[in-house]
Amino acid sequence: MHSVARNISTNGFRRLASTKSLKETLQEVIPAKQEQLKKLKAEHSQAVVGEVKVENILGGMRGLKAMLWEASVLDPNEGIRFHGLTIPDCQKVLPPAPGGKEMTAESMLWLLLTGKVPTPEQSRQLSAELAEKGELPSFITQLIDSLPKTLHPMTQLGMGVAALNHDSEFQAAYERGIKKPEYWTYTLEDCLNLIAKLPALAARIYRNVYHPEMSLESIDKNLDLVGNYSNMLGFGQNEHLTEYLRLYIALHGDHEGGNASAHTAHLVGSTLSDPYISYSAALFALAGPLHGLANQEVLRWQMAMQREIGNNITHDNIKDYLWKTLKSGQVVPGYGHGVLRNPDPRFVALQEFCKTRPELQASPIIQLVQQTAEIAPDVLKEHGKTKNPYPNVDATSGCVLYHYGLTEFKYYTVIFGVSRALGALTQLVWARALGLPLERPKSYSMDALQKLIKN
């Protein structure tokens, strides 16, 4: 642990003199990564790492090895690793909030951006910096307050994020003329400013749409990012929900670069659009039913099951309901994954959280989730049309929110949007630091593809 010599003030917040800041840590890490990229280009640019089949082109480019993404790698069998660390590893080493047990968004942000585990002091220092940057400009509050409450919360979130580009430091610097090696520093400032403001923006949308009678709490400079988010949502006194949100947001922060929202941020960012524009585009990808809306679909399905079978929850009743869903031509929501072929470690982590909370163990909806997870894989294997019959993170995430009183289904994807910024935005910083080019894959028509096959 670093000894503390004195406090100094930087950009309006206080930090420990002997503790390196996030930017200082990045400045140390970037040259080695730049050299690694240079060596890869020089020595291995013609190496073959895979093949492209027609099924890849027609099937959403699944499985193609075609993106550079430093923060995380998703293995089909063992799940996600963040700079080599598994989820249990992260739970052991990433600092929690003072008085809490779950890793914070700040500690995960630090890891994703630098590849290093922050000290508790560094994590709290970052919390203080984000809290200092967290207030919304008046033009944003006016914009959000002017929107009809019937407008989907994700649409409002995307609009608010895009409008924040009015204050983009990267855009301003680019327009006045800066050198490419400086791109990442202004991108970093935008990314931190956006992450800092997301809780206040997301909480304001929640208040306006669902609880217009509620007053919004001010940002508490002594709280971490999620502590403030929970407080502004009106759940600050619910320590269990706040801890769950810390875990949820850290776990959902990144899932490598090929998913729709992360890839969208990367694609738009490759045009040198600023982080606000890039992440607003990512949010609109996240708003799709095949991506970020999944956990609310799980909750609807589980509650429909609960209504149908009532209190008589048995193995056979759950199995019958699963078959009823499948025979109706529907999928079982919360099961399967585009990459994973084993139970999602994020699901496992959230279930472990549930097991440590007596109130969750006593919850009928959580009990139903747990029993369904025990029965569904065998039913899906017998059905034979699912490559991965195991539960993914969506199988439980929304149900816990519902138990704790956050019952507005349409809002769940907004929480996902607050979380996914951790990974998508950090990789915009790295894309600029590494000088990654404009993304431009080759496309084919079916006629051109058939001609290519014949030749």
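This one's a predicted model, so the numbers in the text were calculated from it and none came from an experiment.

Let's talk about the overall build of the chain
In step 1: Summing up its helical and strand segments, the chain has 21 helices and four strands in all.
In step 2: Relative to the globule expectation of 23 Å for 455 residues, the C-alpha radius of gyration of the chain, 23 Å, shows essentially globular dimensions.
In step 3: By its C-alpha atoms, the chain is 65 × 65 × 45 Å across when sized along the principal axes.
In step 4: Residues counted as buried form 52% of the 455 residues belonging to the chain.
In step 5: Of the contacts made within the chain by residues no fewer than 6 positions apart, 74% connect residues no fewer than 24 positions apart.
In step 6: Total accessible area on the chain stands at roughly 21,200 Å², and carbon and sulfur atoms take up 52% of it.

Focus: the packing of helix H7 (residues 153–163) against helix H9 (residues 183–210)
For any two helices packed against each other, one specifies the inter-axial angle together with the distance between the axes.
In step 1: One way to put it is that H7 packs onto H9 with a least axis distance of 10 Å and a crossing angle of 140°. It follows from the interaxial angle that H7 and H9 lie oblique. Between H7 and H9 lies a crossing of right-handed hand. Here H7 contributes Pro 153, Gln 156, Leu 157, Gly 160 and Val 161 to the contact with H9, which in turn contributes Leu 194, Leu 198, Leu 201, Ala 202, Ile 205, Val 209 and Tyr 210.

A few points about the pairing of strand E4 (residues 79–82)
In step 1: Strand direction decides the pairing type here: strand E3 (residues 72–75) and E4, joined by four bridges, are antiparallel. In the sheet register, Leu 74 faces E4, and the bridge partner there is Ile 80.
In step 2: If you look at the hairpin formed by E3 and E4, you'll find three residues sitting between the two strands.

Structural notes on helix H10 (residues 225–233)
In step 1: For H10, a buried count of nine out of nine residues is recorded, marking the element as mostly surrounded by other parts of the structure.
In step 2: Among all positions of H10, only Leu 225, Val 226, Gly 227, Asn 228, Tyr 229, Ser 230, Asn 231, Met 232 and Leu 233 are buried.
In step 3: Tucked inside the fold, the buried residues of H10 contact helix H4 (105–114), helix H5 (120–133), H9, helix H11 (239–251) and helix H20 (412–433).

Regarding the packing of aromatic side chains
In step 1: Scanning all chains against the criterion turns up eleven aromatic pairs.
In step 2: Look at Phe 170 and Tyr 174: their rings are 6.0 Å apart centre to centre, the planes differ by 25°, and that puts the pair in the stacked class. Note that Phe 170 and Tyr 174 are positioned in helix H8 (residues 169–176) at a spacing of four residues, about one turn of the helix.
In step 3: Note on Tyr 402 and Phe 409: the rings are 6.0 Å apart at their centroids and 70° apart in plane angle, and the pair reads as edge-to-face.
In step 4: Owing to a relative accessible area of 28%, Tyr 402 belongs among the partly exposed residues under this scheme.

What about helix H14 (residues 294–309)?
In step 1: Helix length check: H14, at 16 residues, gives a terminal C-alpha distance of 23 Å against a target of 22 Å (1.5 Å per residue), a fit within 8%.
In step 2: For H14, the complete set of buried residues consists of Ala 294, Asn 295, Gln 296, Val 298, Leu 299, Trp 301, Gln 302, Met 303, Met 305 and Ile 309.
In step 3: Here the buried face of H14 lies against H11, helix H15 (315–327), helix H18 (364–383), helix H19 (394–403) and H20.
In step 4: Directly beyond the C-terminal end of H14, a positive phi value near 65° is found at Gly 310.

Rules used in this analysis
- Starting afresh in each chain, residues are numbered from 1 along the sequence in its written order.
- Side-chain atom pairs in this predicted model are given and counted only at pLDDT of 80 or more, local residue features only at pLDDT of at least 70, and totals for whole chains, interfaces and linings cover all residues.
- To obtain the side-chain values, all non-hydrogen atoms of the structure were included, while hydrogens and water were left out.
- In this text, helices come from DSSP runs of H or I with a minimum length of four residues, and strands from runs of E with a minimum of two, each type numbered from the N-terminal end.
- Our radius of gyration is a C-alpha quantity, and the globule rule it is checked against amounts to 2.2 Å times the number of residues to the power 0.38.
- Remark: exposure states derive from per-residue accessible area (1.4 Å probe, protein chains only) relative to the maximum for the residue type, with buried under 20%, exposed over 50%, and partly exposed in between.
- The criterion used for residue contact is that any of the two residues' heavy atoms lie within 4.5 Å.
- To be clear on the numbers: accessible area is Shrake-Rupley with a 1.4 Å probe, and residue cover counts the displayed protein chains and nothing else.
- For helices, the fitted axis covers only the stretch in contact; all axes are lines through C-alpha atoms, and the angles between them, taken along N-to-C directions, range from 0 to 180 degrees.
- Angle categories: roughly parallel below 35 degrees, roughly antiparallel above 145, roughly perpendicular from 65 to 115, and oblique for all the rest.
- Crossings are sorted by hand: turned counterclockwise from the far helix by less than a right angle, the near helix makes the crossing left-handed, and turned clockwise it makes it right-handed.
- In short, DSSP must find at least two bridges between two strands for them to pair.
- Here a Phe, Tyr or Trp ring, Trp counted by its six-membered ring, pairs with any other such ring whose centre lies within 6.5 Å, and the pair is stacked when the planes are under 30 degrees apart, edge-to-face when over 60, and tilted otherwise.
- Helices are assigned an expected span. That span is 1.5 Å times one less than the residue count.

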